[in-house]
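So you can see what is in the structure, the chains are spelled out below.
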Amino acid sequence: MKVVHSGIDTLDVAFQGALRPADVDTLQVAKDEASETRGTTLTKIGPEAVEVAVYGYGTKTGYSFIVDTGPDGETWTFNRNTNPQNWNIRVSIKARTLAALGYHEAKQQMLNRLVAFGCTVIKESISRADYAIDIQAPGYEVDIGTVVASPRSNVEPYWGDDDVPADGQNASAVFRGRRLTGFRVGAISQRQVVMYDKRKAAMEKRELHWFKIWGIDPKHPDSLVWRIETRIGKKELRERYAIVSFDDFEAGFGDAVVQALRDTRLASARSEDSNLSRRPPEEIWTVATQQANMHLFDFRSGLTRDQIRAIDRDSILKVYRQQILGNSAGLAAWLDLDESDLEVAFPQMLANEIKAALNDPQQRYHAAFRKASDRRRFYGPKNGYRY
């Protein structure tokens with residue numbers, strides 16, 4: 001077993017502060033347009049004219065605007081209120097940003113963005129932080145019967161949906177077929193420990209940059225990677241560890257992570273002790289705990305922002321090409337064409353379809369192209385035509 005990645009994977013922060021009134025108005029115009037088109041609208045805000053994508057809706061928690069700075073940036077939410085005494089700003093740094101830049105650079109990028117937006121900011125409050133450890137473990141399988149959870153109010157082990165202690169924390173498992181692919185213990189609002197097959201998740205979400213980060217061939221039989229992740233919510237951060245500011249976070253978050261991995265763990269499947277709480281931890285859990293003790297804030301993926309963008313662009317292009325080929329084959333079949341028509345007649349038919357769409361008075365094809373181009377802009381400069 002070896003650690004192939006570790007680091008802060010999620011960081012949510014609220015700020016006491018506000019946008020400038022003119023930028024609130026700009027966001028409202030963009031939000032209204034996005035609502036009509038049921039997509040996102042690009043606009044620019046702040047004294048540095050930062051380009052952002054604005055969604056056509058707000059959040060369930062009451063923030064008026066959701067703003068995205070791209071796949072290697074952050075997701076921001078803002079209130080219409082422009083009184084900086086209120087908590088009008090919330091930001092979530094994306095996992096790929098933290099993986100590429102590491103905690104310190106990702107944090108600085110976020111703070112620089114606040115300045116570029118022209119925000120007035122008084123202070124911050126850490127709302128949630130996740131720490132992830134990815135371990136390559138060929139052939140390893142989780143035994144749900146060895147999951148030990150020991151909350152402060154109940155030191156007895158428990159697992160399963162029917163075993164819910166008084167404090168609301170419970171263990172649940174995810175199965176695919178007959179294979180256990182993950183489990184989680186706890187409530188996300190307080191503290192949650194999760195273990196799951198990250199290789200499978202990366203493949204399903206087409207997050208192929210993870211394989212570059214791990215240095216692993218996704219097709220290799222030894223490419224199984226388990227992620228052990230601690231998710232520490234605002235209540236746990238504030239009430240148990242007095243973590244509110246960035247200084248608090250950098251001084252005390254390591255204690256929260258290590259304690260979470262002690263309170264919830266996998267007991268050794270090789271031990272014959274009938275009391276799970278007395279068993280030593282599984283090797284994979286020991287590896288994770290040692291990693292958390294040593295390298296909480298220092299890990300970087302080794303890939304640059306441009307390298308991750310290039311991997312994702314290639315993945316997106318592959319999906320589009322597969323969809324075109326698959327859909328065109330189905331269309332040809334449903335048009336009752338013969339195989340002899342596929343090389344000459346069918347490509348011409350497709351070309352005619354596209355020309356007709358380009359000449360549509362409602363310009364729907366052009367509008368779709370512009371929306372796709374807006375999304376493409378966040379993946380770096382154009383590289384020129386390539387197919």
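Residues numbered from 1 in each chain as written. Predicted model: local features only at pLDDT ≥ 70, side-chain atom pairs only at ≥ 80, totals over all residues. Heavy atoms only, no water.

Participant: Give a description of the pattern of salt bridges that names residues and reports values.
Facilitator: Opposite charge on two side chains allows them to pair when their charged atoms are near. Evaluated as defined, the whole model comprises 18 salt bridges. Across the pair Glu 229 and Arg 227 runs a salt bridge whose closest N-O atoms are separated by 3.6 Å. Its relative accessible area of 2% is what places Glu 229 among the buried residues. Salt bridges sharing partners connect three or more residues here, namely Asp 9, Asp 134, Arg 227, Glu 229 and Arg 231. (Salt bridge = Lys/Arg side-chain N within 4 Å of Asp/Glu carboxyl O. Buried < 20%, exposed > 50% of the residue type's maximum accessible area, 1.4 Å probe, protein only.)

Participant: I'd like a rundown of unusual backbone geometry, residues and numbers included.
Facilitator: Not every positive phi belongs to a glycine, and Arg 206 is a case in point at roughly 55°. Within the secondary structure layout, Arg 206 lies in the loop between helix H3 (198-204) and helix H4 (209-214). Of the residues examined, Arg 206 reaches a relative accessible area of 29% and is grouped as partly exposed. (Helix = DSSP H or I, 4+ residues; strand = E, 2+ residues; numbered from the N terminus.)

Participant: Give me the side chain of Thr 146: which residues, what numbers.
Facilitator: Mapped onto the elements, Thr 146 comes out in the loop between strand S7 (120-136) and strand S8 (147-149). You can call Thr 146 buried: its relative accessible area is 4%. Separated by 2.8 Å, the side chain of Thr 146 and the backbone oxygen of Asp 143 make a polar contact. (Polar contact = N/O pair within 3.5 Å; in protein donor to acceptor, adjacent residues only side chain to side chain.)

Participant: Help me get a handle on a nonpolar patch on the surface, residues and values and all.
Facilitator: Together, Leu 331, Leu 335 and Met 349 line one region of the surface with nonpolar side chains, adding up to about 220 Å² of accessible area. Topologically, Leu 335 is positioned in the loop between helix H8 (305-334) and helix H9 (345-358). Classification of Leu 335 by relative accessible area gives partly exposed; the value is 38%. (Patch = residues over 30% accessible without salt bridge, like charges linked within 9 Å, V, L, I, M, F, W, Y side chains within 5 Å. Areas by Shrake-Rupley, 256 points an atom, 1.4 Å probe, with all protein chains shown as cover.)

Participant: Tell me what's going on with the packing of helix H5 (residues 234-241) against helix H6 (residues 246-263), and back it up with residues and numbers.
Facilitator: Remark: H5 packs on H6, axes separated minimally by 11 Å, with the N-to-C direction vectors making an angle of 105°. As judged from the angle between their axes, H5 and H6 are roughly perpendicular. Across the interface between the two elements, Leu 237, Arg 240 and Tyr 241 from H5 touch Phe 253, Asp 255, Ala 256, Gln 259 and Asp 263 from H6. Each residue belonging to the contact of H5 with H6 can be placed in one class, and the counts come to four nonpolar, one polar and three charged. (Axes fitted to C-alpha atoms, helices over the stretch in contact; angles between N-to-C directions. Parallel < 35°, antiparallel > 145°, perpendicular 65-115°, else oblique. Contact = heavy atoms within 4.5 Å. Nonpolar A, V, L, I, M, F, W, Y, C, P; charged D, E, K, R; others polar.)

Participant: Could you give me a rundown of the pairing of strand S4 (residues 65-68), with the residues and numbers involved?
Facilitator: Residue alternation in S4 divides its side chains into two sets, Phe 65 and Val 67 and Ile 66 and Asp 68, and both sets are buried. Summarising the sheet, strand S3 (residues 50-55) and S4 pair through two bridges and their orientation is antiparallel. Its bridge partner being in S4, Ala 53 is matched across the sheet by Asp 68. Relative to strand S5 (residues 74-78), S4 is paired through four bridges, and the arrangement is antiparallel. The residue bridging Ile 66 from the neighbouring strand is Thr 77, located in S5. In this structure, the hairpin formed by S4 and S5 is closed by a connection of five residues, where Gly 70 is found at a positive phi of approximately 110°. (Pairing = 2+ DSSP bridges.)

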